[in-house]
Amino acid sequence: MNLANPNLYEVVEDIYRDMLDSFTGSAFHIGGDEVNFNCWNTTEEITKYMDEKNMPRTEHGFMELWNEYQEKALARFKKANGGKLKDMILWTSHMTEPEFLHYLDPAVYTVQYWESSTNKQLPNLVNQGFKVIMSNYDDLYLDCGFGAWVGEGNNWCSPYKGWQKIYMNDPKKYLKAQGVTDPAKHKLIVGGETAMWTEQAGDRNALTKIFPRSYALAERYWSDPSTGWFEAEPRLVYFNSVMEKQRGIYGNSLKPEWCVQSQGICKLNNL
């Protein structure tokens, strides 16, 4: 996007109107990740615009430019939505890092968190009052563990995230490990979402990558169990079978059919 071109915002508003006509609900995801400063820095119209506005071509200058877009785009969304905002969701990014988080208003934005469970952005976000949706890649990225598609070897977020690891995704545990023990701040984790990026997923294989692993996260976030994946396995195996037979959703098999029919026998005794 050419942020120096004022016509950009007319296009953005039109896109918002189209999406608002097509999708209902109380939330709207505006993206916001993978902003490339090099692209802006090598676009003559943008660098000229920055010079005219006394924005330095540095990290802070590009963040100032980004924030200008963010504010104008938000105003266009409000206009397209009849003068009202929704729960505006955006991804963690350079803008959600502690140094630049002041650009965002926690009363307006919910942050979808894709960084690792140990990244310092997570405690900082809740300490600053932001609501957070967990999608941390080290637990919840479903495309991990497959071959690279832009080179050789495995992809960047390998290894594969098994349903057991996904089930044990516990934001309270991650926050406590980084010193956040206040239950009120734990409640700012408003949900979680597995992420199935589609560089290597299509209509032939997407469901087997998504299910039943996403079922595991659903139980974790809906019921917040005190027990772990071992106790959950019979429920997940049964539910996966129900979804296949009653809904026609054929996810990945969890175990051989004999083990499905003989619950408990296939588990290792030392677990």
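About the cut-offs
Residues numbered from 1 in each chain as written. Predicted model: local features only at pLDDT ≥ 70, side-chain atom pairs only at ≥ 80, totals over all residues. Heavy atoms only, no water. Buried < 20%, exposed > 50% of the residue type's maximum accessible area, 1.4 Å probe, protein only. Helix = DSSP H or I, 4+ residues; strand = E, 2+ residues; numbered from the N terminus. Pairing = 2+ DSSP bridges. Axes fitted to C-alpha atoms, helices over the stretch in contact; angles between N-to-C directions. Contact = heavy atoms within 4.5 Å. Disulfide = S-S within 2.5 Å.

Caption draft 1: Region of the structure containing the pairing of strand β2 (residues 87-91). When you tally the buried positions in β2, you get four out of five residues, the bulk of the element. Direction of pairing for strand β1 (residues 27-29) relative to β2: parallel, over a ladder of three bridges. Paired with His29 across the bridge in β2 is Ile89. Alignment of β2 against strand β3 (residues 109-113), held across four bridges, turns out to be parallel. Bridge pairing links Met88 to Tyr109 in β3.

Caption draft 2: Structural context of the environment of Ile15. Tracing the backbone through its elements, the reader meets Ile15 in helix α1 (residues 8-22). Along the backbone, Ile15 and Phe77 are 62 residues apart, and their C-alpha atoms lie at a distance of 9.3 Å.

Caption draft 3: Representation of the sheet that holds strand β4 (residues 131-134) within the structure. If you trace the five strands from one edge of the open sheet to the other, you get β1-β2-β3-β4-β5, paired in parallel fashion. Among the strands making up the open sheet, the edge pair consists of β1 and β5 (189-192). Strand-to-strand, the axes of this sheet are offset by a mean angle of 25°, without reference to chain direction.

Caption draft 4: Looking closely at the side chain of Ser214. Along the chain, Ser214 turns up in helix α11 (residues 213-223). Setting aside residues no more than four positions away along its own chain, Ser214 makes contact with Leu142 and Thr194.

Caption draft 5: Looking closely at the state of the cysteines. Applying the stated criterion to the full structure yields two disulfides. Between the sulfur atoms of Cys144 and its disulfide partner Cys157 the distance amounts to 2.1 Å. On the sign convention where negative is left-handed, the bridge of Cys144 and Cys157, at about -110° about the S-S bond, is left-handed. On the criterion of sequence distance, the pair formed by Cys144 in the loop between α6 (137-140) and α7 (163-167) and Cys157 in the loop between α6 and α7 is long-range, its members being 13 residues apart. Here Cys157 falls in the buried class, since its relative accessible area comes to 1%. When the bonded cysteines of the chain are numbered from the N-terminus onward, they pair as 1-2, 3-4.

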